[in-house]
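One letter stands for each residue in the lines below.
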Amino acid sequence: MAEEDFGRFVDWSQLGDLAKTATGSSVPSKDVKELKQQARTGQWEKNHALRAQVYRHLIRSLPCRTVTPDAEVYRDAMGASGGRKQNPASHPLPEFVDGMSVPQYCLKAESLGSVHAVISCVASQFPDISYCPALPAVTALLLHWSCDEAHCFESVSRMLACNQPGRHMLDQTFLAFQSACMTFGDLANKYCPSAHKLIVATATDARDVYSDWQRWVLGDLPFGHVARVMDVFLVEGYKVLYRVALAILKFYRKQKAAAGAQASKPAQQDSAGVRADIQAFVKGIGSSVTPEKLLEKAFSIRLFSRKEINLLQLTNEKSLQQKGITVKQKRRNVQLAVSAETFNSEIVSAKEIRDIWAWIPERFALCQPQLLFTTSTHGCSLNRFYSHCEGYEPTLMLIKTTEGEVCGAFLSTDWEERKRGGNKLSFFGTGECFIFKMKPEMERFEWVVIKHPELANAGQGSSDEQAEDDQQANSDTHPNTHTLPTEKPATDPSHLSPFLSARHFNLNSRNTSMFMAGNVDSIIIGGGIGNALYIDSELNHGRTGHCTTFDNPPLCSENFQIALLEVWGFQDAMTT
């Protein structure tokens, strides 16, 4: 195959030092160790034809499904349009790329239409793909070293169809993508603690920032850098993306430190601002970090194995499945999810309930609020509270005090769970629980581990006796506060995601995992040292204070009298 065949889509004027050369285009080695060494040292960097041949060899060597679409399938599917100048508008990107655009890199402007055409054909041949935002960048990259669109299509198809046990090239479902983001958060916490602390300190939601980690590598990196990453990725697999993203995070933190951003405590800003700042840094990384330095930093991380990644990935996927998060859910405008005509609360207005609805997990956002219990109708009885609320999950509790203050809690778990401990007060629930206050001002307080994942590794109680001593000491200081002894973890939490629900990996309950509890005498929201909310059996008096689980201030007057209490369920809008 002539060398120029591999460059028909490339704008050579943009390549600079990476422009094609005719020297050294020997047959690529088939020895894995030699290929690994060549990829890491950049031996294909300045020989476009050799790199194209190596890519073809590596991709054709991937174990794939028995029936995997090849170049002929593309030619048959595209018919006469194949090979012609493609109009991107004629091949709109599928929904599963989640709005990601095609990076041009060093392609000709007219070549972007070819990327659209290849992705469009991929979507028709792989109907099982539901979420793959990295596909536009990967397709655009492979087109640089493809002799025609059909060749590029075959390469992309083989990467998607790879079925080697324990290895995958691209995430193809929202579940896989989301668990990968959680896994990156775990790895950042463990291997880049300084950078991770910076993200936690400056962004309102570290998870939101880490959701861009793949885009940093496949989308934002300059072409010279991402081409070197692609060399290693095709040889060594998915773990390379994690390594490079962690290296980017380390360099980002170094830049912030050099700029004096850590001279004092950094100001926290909206996560979108931090995401934009990192994106700008990655796009301009070439001014301070060479591709060699980036890869050197990436592979300098010790004790980083594919086995560890797979373990974290599987654990995170299991947690997401148990919480019902398996697909990307488009969040409809919350004003449509809560109807002002049918919503009738004595505590909050329709506008205020819409504000609360914007906080709840996405899979419930399209549900209609359903009134389950209100003291104005059902009376002030904890037994009646339980009888009306059991069987519903999740629920939303609203409290209005006699002083006109309003606060509440989103509770992830059915109150019937309390019966597992008999009449003994025991905590249950998940990390999706949160508490909030509405009046005089509006603020939400999430599970403390979400913003401070390092607390997942907090020290455990040394013994049952020590836990009992702590409980007694807390009772002596706060005689009306209920605290529970520490649960012994079934699994070492340092190996599991700090973003999982507590019941999935048994965090130290004394520290961070006391979400909700109830018996015949009271109900409690949030525990540890203090309680976010304590309500007596007559649903008449309550207390609020700081608690470890939500790291919150008092939600209203510390000792309050309840004027009204309502509990709302979530009714599927499709059944109403």
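Relevant structure appears above.
Residues numbered from 1 in each chain as written. Predicted model: local features only at pLDDT ≥ 70, side-chain atom pairs only at ≥ 80, totals over all residues. Heavy atoms only, no water.

As for the packing of aromatic side chains
The geometry of an aromatic ring pair is captured by two quantities: the separation of the ring centres and the angle between the planes. Applying the stated rule across the entire model yields 29 aromatic pairs. Centroid distance F385 to W415: 5.7 Å. Interplanar angle 70 degrees. Geometry classified as edge-to-face. Taken as a pair, F385 in helix α19 (residues 382-389) and W415 in the loop between β3 (406-411) and β4 (427-428) lie far apart in primary sequence, 30 residues in all. Ring geometry for F410 against F570: centres 5.8 Å apart, planes inclined by 85 degrees, an arrangement best described as edge-to-face. Here F410, found in strand β3, pairs with F570, found in strand β11 (residues 559-571); they are 160 residues apart in sequence, far enough to count as distant. Its relative accessible area of 0% is what places F410 among the buried residues. Of the aromatic side chains, those joined through ring pairs into one cluster are W357, W359, F364, F410, F434, F436 and F570. (Phe/Tyr/Trp six-rings, centres within 6.5 Å; stacked < 30°, edge-to-face > 60°. Helix = DSSP H or I, 4+ residues; strand = E, 2+ residues; numbered from the N terminus. Buried < 20%, exposed > 50% of the residue type's maximum accessible area, 1.4 Å probe, protein only.)

Considerations on helix α3 (residues 71-78)
All of the buried residues along α3 are A71, Y74 and M78. The arc enclosing the buried residues of α3, seen along the axis, measures out at 60 degrees, which places them on a common side. Looking at the buried positions of α3, the neighbouring elements they touch are α4 (112-125) and α6 (149-161). Measuring from the side-chain oxygen of the N-cap residue of α3 to the backbone nitrogen of E72 gives 3.2 Å; that N-cap residue is D70. (Arc of directions from axis to C-beta. Contact = heavy atoms within 4.5 Å. Polar contact = N/O pair within 3.5 Å; in protein donor to acceptor, adjacent residues only side chain to side chain.)

Quick word on unusual backbone geometry
Residue E393 is joined to P394 through a cis peptide bond whose omega torsion reads 0 degrees. Checked against the element boundaries, P394 lands in the loop between α19 and β2 (395-401). Located in the positive-phi region is D551, a residue other than glycine, with phi close to 45 degrees. Topologically, D551 is positioned in the loop between β10 (541-543) and β11.

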